[in-house]
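Reading the structure
Each chain, letter by letter, is given below.
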Amino acid sequence: MTSPYKEMWERLDLDLEAHDALLDVLGKFYGDIYLSQQGRLRGAEYLDFVLSEVHGLRIKEIQDAKAQGRKVVGTFCVFVPEEITLAADAVQVGLCAGAEAGKELAETMVPRNTCSLIKSFIGFKLARLCPYTESCDLIVGETTCDGKKKAYEPFGELVNMHVMEVPQQKNAADRALWKAEVLRYKEEIEKLTGVTITAERLATAIRTVNDKRRALQRLTALRAASPAPISGRDALLVNQISFYDDPVRFTAKMNELCDELEARVARGEGVAEAGTPRLLLSGCPMAVPNWKLPYIVESSGAVIVGEESCIGTRNSRDLVDESGATLDEMLDAIADRYMKIDCACFTPNTERQENVMDLAKTLNADGVIQYNLLFCQPYANESIRLDKTLAAEGIPSLSIETDYSMEDVQQLKTRVEAFVETLD
Ligand code: SF4
Ligand code: SF4
């Protein structure tokens, strides 16, 4: 395959043959799952463009930023404060880990019974497949689960790594620990970039990231309409792209998309007929190109109206308070906002149960599909409790455990179809 980006990929030392094969599969997958949809929005052209250039133009932009002296920071979790990264004029990218690539290589580094997400980010690195990973000057991990925590030890021998310690409870001592971690990250990023983070820089960055979250909140609110104005697949893509596109451009494009959605809602139009069962997805994050379950759900007679996930509302629900005037007030506001994240790593974690129920009600969902990655202890544990909490509120739910392989597609489809039938 000849690509205008071949030289760039060579400079990044990607395995060109394996990378070409990955792009071919990704392109085909995207065509089947996305381009085949009916009644898409004009704004979806942006999504298609970004995805078609995911390893091309965006990587070129990142390389250009590096040539101008900007640093690139990769992350795996919504706990890494993007405000601080941006305030140091660095570029933050979420390192997608949503495909089964380099699995055998990854299993030389972590046990087989490790979740697909972890194996995927290690596999992408070991198989030299990800131009984002290869562009990073620093990769930031966090101690949100044992699988990740232990994986970062060998992974840290391959890349320049900084690990943030995320507390597991939400008491005063935990808040103090987290604030100290936020400060330690600030120091690390200042050292990396040579930029001193001032109150002015941080205030701008807080507004930039909040604006992105406000656009995503707008999208979430519009999805309460019936008929559903946007497919769950496109909405998931929006959330996925929010992790690696330029934040200012992304926000502008999302607001345009929401303008179009508002008009569509006002006309009473949607992507699925009124009366189509509406489902909320809840649980583990779904990184690009993990579209298996949304595709199965939306080809089984239902429409997804929300994602209670880090690639979804968990990442956009809370804003950083913008009223801080000093650097320390702003850092406090950042620490407070991130402590509101209801990741399953926390114990107890009743907030998440409440948030899932609130979201299901606000979005007029008829049911919830709990999505758990195999071997993910935190979410598997919570799913048992969440099932009961939802049942007590009369909200049907279906718990699914899967990984990135395609072997269980038929079996999942049978289960989802049976669940959807019960909602009619
Ligand atoms: S589920 Fe928890 S660990 Fe995973 S990205 Fe979200 S906050 Fe981070
Ligand atoms: S999906 Fe679960 S096991 Fe995997 S990294 Fe996230 S929290 Fe850890």
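Residues numbered from 1 in each chain as written. Chains lettered and ligands numbered in written order. Predicted model: local features only at pLDDT ≥ 70, side-chain atom pairs only at ≥ 80, totals over all residues. Heavy atoms only, no water.

**Some remarks on the site of ligand 2**
Every residue near ligand 2 is listed here: Cys115, Ile118, Cys145, Lys148, Cys284, Leu373 and Cys376. For the shell around ligand 2, the per-class residue count stands at six nonpolar, no polar and one charged. (Near = heavy atom within 4 Å. Nonpolar A, V, L, I, M, F, W, Y, C, P; charged D, E, K, R; others polar.)

**As for the layout of surface pockets**
Within this model, the largest pocket holds a volume of roughly 750 Å³. Considering the residues around the largest pocket, the lining is formed by 41 residues, among which Phe76, Leu117, Thr144, Lys148 and Pro285 are closest to the centre. Every element with two or more residues in the lining of the largest pocket is listed here: α7 (116-126), α9 (146-155) and α18 (377-392). Broken down by element, the lining of the largest pocket gets its largest block of residues, four residues, from α9. (1 Å grid on protein atoms, 1.4 Å probe; cavity = no way out; pocket = protein on both sides within 12 Å on 5 of 7 lines; lining within 4 Å. Points joined across faces, edges and corners; volume = space filled by probe spheres on them. Helix = DSSP H or I, 4+ residues; strand = E, 2+ residues; numbered from the N terminus.)

**Description of the sheet that holds strand β3 (residues 138-142)**
Judged by pairing direction, the sheet is parallel, and its four strands sit side by side in the order β2-β1-β3-β4 without closing on themselves. Taken across any chain shown, the strands that pair with only one partner, and hence form the sheet edges, are β2 (91-94) and β4 (161-164). Strand-to-strand twist in this sheet, taken as the mean axis angle between neighbours without regard to direction, amounts to 25°. Inspection of the sheet shows strand β1 (residues 72-75) paired to β3 by three bridges, in the parallel sense. (Pairing = 2+ DSSP bridges. Axes fitted to C-alpha atoms, helices over the stretch in contact; angles between N-to-C directions.)

**Overview of helix α4 (residues 57-67)**
When we look at burial in α4, the residues that qualify are Arg58, Ile59, Ile62, Gln63 and Ala65. One side of α4 carries all its buried residues, which in axial view fall inside an arc of 155°. Elements that come into contact with the buried residues of α4 comprise α1 (6-11), β1, β2, α8 (131-135) and α13 (247-266). Positive phi shows up at Gly69, right after α4, with a value of about 95°. (Buried < 20%, exposed > 50% of the residue type's maximum accessible area, 1.4 Å probe, protein only. Arc of directions from axis to C-beta. Contact = heavy atoms within 4.5 Å.)

**Comments concerning empty space enclosed by the protein**
One water molecule sets the probe size; rolling that probe over the atoms shows where empty space is left. Taken as a whole and assessed by the stated rule, the structure comprises five cavities of 30 Å³ or more. For the lining of the largest cavity, the elements supplying multiple residues, two or more each, are β2 and α11 (199-222). When residues of the lining of the largest cavity are assigned to their parent elements, the largest contribution, four residues, is made by α11. Among the residues making up the lining of the largest cavity, the classes are represented as seven nonpolar, five polar and three charged. The computed volume of the second largest cavity comes to approximately 90 Å³. Taken together, Leu22, Leu26, Val54, His55, Cys96, Ala99, Phe124, Val288 and Pro289 make up the lining of the second largest cavity.

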